[in-house]
Amino acid sequence: MSGSTGQQAGFDRDKLADLYVAHAPEAVRLAFLLTGDAGLAEDLVQDAFARLVGRLRHLRDPAAFGAYLRRTIVNLATSHFRHRRVERTYLEREARLPQQLGNANEALDEAMQAILLRLPQRQRAAIVLRFYEDLSDVQTAEILQCSAGTVRSLVSRAMKTLREQLEGMPR
Amino acid sequence: MMDEHDLREMLHRRANALGTPVVDARKASRRARGRLAVNGAVAMVAIAVIALAGFAGVGELRSSWVPADGSTPSASTVTSPTPSLSPRVTFASQTYGYSVTLPKGWTAFQASAQWDGKGSPGSEDVVADQFIGLTAADVWAFAAPTTKSLGEYGRATITGTLEDHGGDCPARPAAQHPIQIGGHPGMLLEWDCGLLINQAVAVHNGVGYFFGLRDPSVHAASDARDRKLFLRLLDSIQFAD
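Residues numbered from 1 in each chain as written. Chains lettered and ligands numbered in written order. Predicted model: local features only at pLDDT ≥ 70, side-chain atom pairs only at ≥ 80, totals over all residues. Heavy atoms only, no water.

## Things to note about the overall build of chain B
Then, in step 1: For chain B, the count of helices and strands is 4 helices and 9 strands.
Then, in step 2: Relative to its full complement of 241 residues, chain B shows a buried share of 49%.
Then, in step 3: Within chain B, contacts between residues at least 6 apart in sequence are counted, and of these 53% link residues at least 24 apart.
Then, in step 4: A total accessible area of about 10,800 Å² is found for chain B, and carbon and sulfur atoms account for 56% of it. (Helix = DSSP H or I, 4+ residues; strand = E, 2+ residues; numbered from the N terminus. Buried < 20%, exposed > 50% of the residue type's maximum accessible area, 1.4 Å probe, protein only. Contact = heavy atoms within 4.5 Å. Areas by Shrake-Rupley, 256 points an atom, 1.4 Å probe, with all protein chains shown as cover.)

## Some remarks on the side chain of arginine 214 of chain B
Then, in step 1: Along the chain, arginine 214 of chain B falls in strand β9 (residues 207–215).
Then, in step 2: Within the local environment of arginine 214 of chain B, its side chain forms a polar contact with the side chain of aspartate 138 of chain B, the two groups lying 2.7 Å apart.
Then, in step 3: Beyond its immediate chain neighbours, meaning those up to four positions away, arginine 214 of chain B contacts Arg71 and Gln145 of chain A together with Ser123, Ala136, Ala137, Asp138, Trp140, Leu195, Leu196 and Ile197 of chain B. (Polar contact = N/O pair within 3.5 Å; in protein donor to acceptor, adjacent residues only side chain to side chain.)

## Quick word on the pattern of salt bridges
Residues and elements named next belong to chain B.
Then, in step 1: Applying the stated criterion across every chain, the model contains 9 salt bridges over all chains.
Then, in step 2: A salt bridge links aspartate 138 to arginine 214, with the nearest nitrogen and oxygen atoms 2.7 Å apart. Of this pair, aspartate 138 sits in strand β5 (residues 138–145) while arginine 214 sits in strand β9, and the two are 76 residues apart along the sequence. Across the pair, exposure class does not vary: aspartate 138 and arginine 214 are buried alike.
Then, in step 3: Here glutamate 190 and arginine 227 are joined by a salt bridge, their closest N and O atoms 3.8 Å apart. Taken as a pair, glutamate 190 in strand β7 (residues 184–192) and arginine 227 in helix α4 (residues 224–235) lie far apart in primary sequence, 37 residues in all. (Salt bridge = Lys/Arg side-chain N within 4 Å of Asp/Glu carboxyl O.)

## A short note on the confidence of the model for chain A
Residues and elements named next belong to chain A.
Then, in step 1: Taken residue by residue, chain A gives an average pLDDT of 74. The fraction at 70 or more is 68%.
Then, in step 2: Segment residues 1–11: pLDDT under 50, and 3 contacts once partners within four positions in sequence are set aside and those in other chains are kept.
Then, in step 3: Considering only residues more than four positions removed or in separate chains, one finds that residues 85–90, a stretch of pLDDT under 50, has 12 contacts. (pLDDT = per-residue confidence, 0-100.)

## Concerning the nonpolar core
Then, in step 1: Ranked by size, the top nonpolar core spans 53 residues in total, and within it Val45, Ile73 and Ile127 of chain A together with Leu7 and Leu11 of chain B carry the most contacts.
Then, in step 2: Broken down by secondary-structure element, the contributors of at least two residues to this core are α1 (2–35), α2 (38–53), α3 (65–84), α5 (104–118), α6 (121–131), α7 (137–144) and α8 (148–166) of chain A together with α1 (4–16) of chain B.
Then, in step 3: Take this core: its biggest share by element is 10 residues, from α1 of chain A.
Then, in step 4: With 47 residues, the next largest nonpolar core counts Ala108, Phe142, Cys193 and Leu233 of chain B among its residues. (Core = buried A, V, L, I, M, F, W, Y, C linked by side-chain atoms within 4.5 Å.)

## Details of the pairing of strand β4 (residues 129–132) of chain B
All names here are of chain B.
Then, in step 1: Side-chain alternation along β4 places Asp129 and Phe131 on one buried face and Gln130 and Ile132 on a second face that is also buried.
Then, in step 2: Pairing analysis gives 3 bridges linking strand β3 (residues 107–109) to β4, with the strands arranged antiparallel. Within the sheet, the bridge partner assigned to threonine 107 lies in β4 and is isoleucine 132.
Then, in step 3: In terms of strand pairing, β4 meets β5 through 4 bridges, oriented antiparallel. Residue pairing in the sheet places phenylalanine 131 in a bridge with valine 139 of β5.
Then, in step 4: The turn joining β4 and β5, which pair antiparallel and follow one another in sequence, is formed by 5 residues. (Pairing = 2+ DSSP bridges.)

And the structure:
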């Protein structure tokens, strides 16, 4: 019993390391778009892996690991901002337009990301999952644990806000 | 006017601006193993406390839980530092003080922050103790001091749910039932929020407790298998005195 347990634990450690190397870079990018903070993004991804490690042996479909990871990262990002009560301050800081703008594209990108970071968390997550991860409405709904109709509504509201707030920006 | 293409391009440019993130698999592995070890240690402490309480005749703390596979429960089998390898695990919440007996194969995660009594945190929230089983369903729990009665606490739970999940959940739960949670009166709220959400609440010694079961594989407010599982978990709850 203890022998098989040790083998299982060793297997899981190896498997975790492999999965981390394979998934972490893209996961950090996703977390960065959700939080706007590279350091926090890496921290969230490590926390997500720590939470998922207990599930590894129960994962019926290993190909689903990426979906589990995305869902956990989205939830952890939501949780982080809601309960550490730093979102408003942090996002206000991040949302300040740059004092010295580089080229117009860079300025527009920064403005878009600033507005993105001011969106309600679920709208932001819907936008990032749909347009960065290129997930379908149904796949996004599975991660956000809502209906596909709700995803379409979240995206629609987010796009409306983005358009309104970007109006007048030089293109 | 900005369109979806512009947005897609911007997201990829911002993400690519990070370069290739340096990933440290060893650090992540250490962190994951540390998390499991902490949860395992807490489980072992809980077993020790329960064993001592039993010897001292403090009370009958052992639950009548029978694992889903029908095997005979045995507290002596819970010795592994890795909870999910244990046939049975009694989880003692470090943050909220209650304990619950989990069936074979379940893994528990301690909350890493305390709930402030507001809103309706989800299962992977930092304020929630989380329990992951072998099916699609998972369970979570949190608590906070309250001066409310059970009825008032149930209504506040509904309000908090609508505040946080009003976009997905209907205006009221599909059903409400009186239940027992650890031998104390409680209330079960059944929701269809695009997936099954069952909430159980109780008020004990001035503390309001919340236990939730979420099953993304069920698009209904109730499911016989989930309900049976949830009620058996709730029956094994021991509240802090």
